[in-house]
Amino acid sequence: MAKIGRNQRCPCGSGRKYKRCCWLRDRAAHVPATPAVSPHGYRLAETDLDRLSNSVVSLVDEGRLDEADAVCEQLRTGYPEVHDWLMRKAMVCEARGETELAIEYCERTIAWMDAHPEKFDPESRDPFRKDIERLRGSLGGAC
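Quantities reported herein were computed from a predicted structural model and do not represent experimental measurements.

Asker: Got a minute to help me understand the overall build of the chain in this structure?
Answerer: Counting its secondary structure elements, the chain contains six helices and two strands. The order of α-helices and β-strands along the chain, N terminus first, is β-α-β-α-α-α-α-α. Looking at the chain as a whole, 38% of its 143 residues qualify as buried. Put simply, of all contacts in the chain between residues at least 6 apart along the chain, 46% involve residues at least 24 apart.

Dropping the structure here:
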């Protein structure tokens, strides 16, 4: 059975990355974080990077922002070859009410993707563009 990583195309045929497609639905359906086989018949591979990056989301949801920020720093220093720390830092900044910084980190995430086009589909930037638009709207024209 083939393994599917978070940045591979979703096996459902949507053309999107698994992490941006069925992975969230599978997790919401209480599929264990590392099941032997996904509902699509693929073996899932959750790496240490995945667990660390996803822990930022949980920490933000729990309001543990200092810890989430520390994990962002771990991501930055431990995995400099990926953009996860940038997008997670944007989440932390938004949760802290640091809207301008959240926008900056979203923009830096897009810039990182643009600098590594071989790793990303063009539409993978869309969620960050939407976040920037939403965040700018929350500033009430102050940006």
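Asker: Sorry if this is basic, but what is going on with the packing of aromatic side chains here?
Answerer: The geometry of an aromatic ring pair comes down to the distance between the two centres and the angle between the two planes. Under the counting rule described, the total for this entry stands at two aromatic pairs. Note on W85 and Y105: the rings are 6.0 Å apart at their centroids and 75° apart in plane angle, and the pair reads as edge-to-face. Residue W85 is found in helix α4 (residues 84-95), and its partner Y105 is found in helix α5 (residues 99-115); the two are separated by 20 residues along the sequence. As far as the burial class goes, W85 and Y105 line up, both buried. Where W112 meets F120, the ring centres are 5.8 Å apart and the plane angle is 80°; that geometry is what we call edge-to-face. Accessibility expressed as a relative area gives 9% for F120, which makes it buried.

Asker: Help me understand the pattern of salt bridges, please; the structure alone is not making it clear to me.
Answerer: Note on pairing: side chains with opposite charge can pair once their charged atoms come close. Summed over the entire model, instances satisfying the criterion amount to 13 salt bridges. In this structure, D66 engages R96 in a salt bridge whose closest nitrogen and oxygen atoms are separated by 2.7 Å. A residue pair is termed long-range when its members are at least 10 positions apart, and D66 in helix α3 (residues 65-78) and R96 in the loop between α4 and α5 qualify at 30 residues. Taking the relative accessible area as the measure of exposure, D66 reaches 60% and is therefore exposed. Between D126 and R129 there is a salt bridge whose closest N-O contact spans 3.2 Å. Placement of both D126 and R129 in helix α6 (residues 126-138) is noted, with a separation of three residues, approximately one turn of the helix. Of the residues examined, R129 reaches a relative accessible area of 41% and is grouped as partly exposed. Within the structure, one salt-bridge network assembled from shared partners comprises D66, D69, K89 and R96.

Asker: I tried to follow the nonpolar core on my own but got confused; where do I start?
Answerer: Nonpolar side chains tend toward joint burial in soluble globular proteins. Grouped together as the largest cluster of nonpolar side chains are 28 residues, with contacts concentrated most on V56, V60, A68, V92 and Y105. Taken together, the elements giving at least two residues each to this core come down to α2 (48-61), α3, α4, α5 and α6. The contact partners of V60, leaving out residues within four places of it in the chain, are L65, A68, M91, V92 and A95.

Asker: For this particular structure, what's the right way to read α5?
Answerer: Here α5 is 17 residues long and its end C-alpha atoms lie 24 Å apart, about the 24 Å a rise of 1.5 Å per residue gives. Taken together, the buried positions of α5 are T99, A102, I103, Y105, C106, T109, I110, W112 and M113. As for α5, its buried residues are in contact with α4 and α6.

Asker: Please explain the side chain of S124 as it appears in this structure.
Answerer: Among the secondary structure elements, S124 is positioned in the loop between α5 and α6. The buried category is assigned to S124, whose relative accessible area is 8%. Within the structure, the side chain of S124 is placed 2.6 Å from the backbone oxygen of D121, a separation counted as a polar contact. If we skip the residues at most four places from it in the chain, S124 touches R20 and M113.

Asker: Hey, could you run me through α2 in this one?
Answerer: Between the first and last C-alpha of α2 there are 20 Å, a value that for 14 residues agrees with the 20 Å anticipated at 1.5 Å per step. The opening residue of α2, the one whose side-chain oxygen lies 3.3 Å from the backbone nitrogen of L49, is T47. Remark: G63 follows α2 within two positions and exhibits a positive phi of approximately 75°.

How each quantity is defined
Residues numbered from 1 in each chain as written. Predicted model: local features only at pLDDT ≥ 70, side-chain atom pairs only at ≥ 80, totals over all residues. Heavy atoms only, no water. Helix = DSSP H or I, 4+ residues; strand = E, 2+ residues; numbered from the N terminus. Buried < 20%, exposed > 50% of the residue type's maximum accessible area, 1.4 Å probe, protein only. Contact = heavy atoms within 4.5 Å. Phe/Tyr/Trp six-rings, centres within 6.5 Å; stacked < 30°, edge-to-face > 60°. Salt bridge = Lys/Arg side-chain N within 4 Å of Asp/Glu carboxyl O. Core = buried A, V, L, I, M, F, W, Y, C linked by side-chain atoms within 4.5 Å. Expected span 1.5 Å × (residues − 1). Polar contact = N/O pair within 3.5 Å; in protein donor to acceptor, adjacent residues only side chain to side chain.

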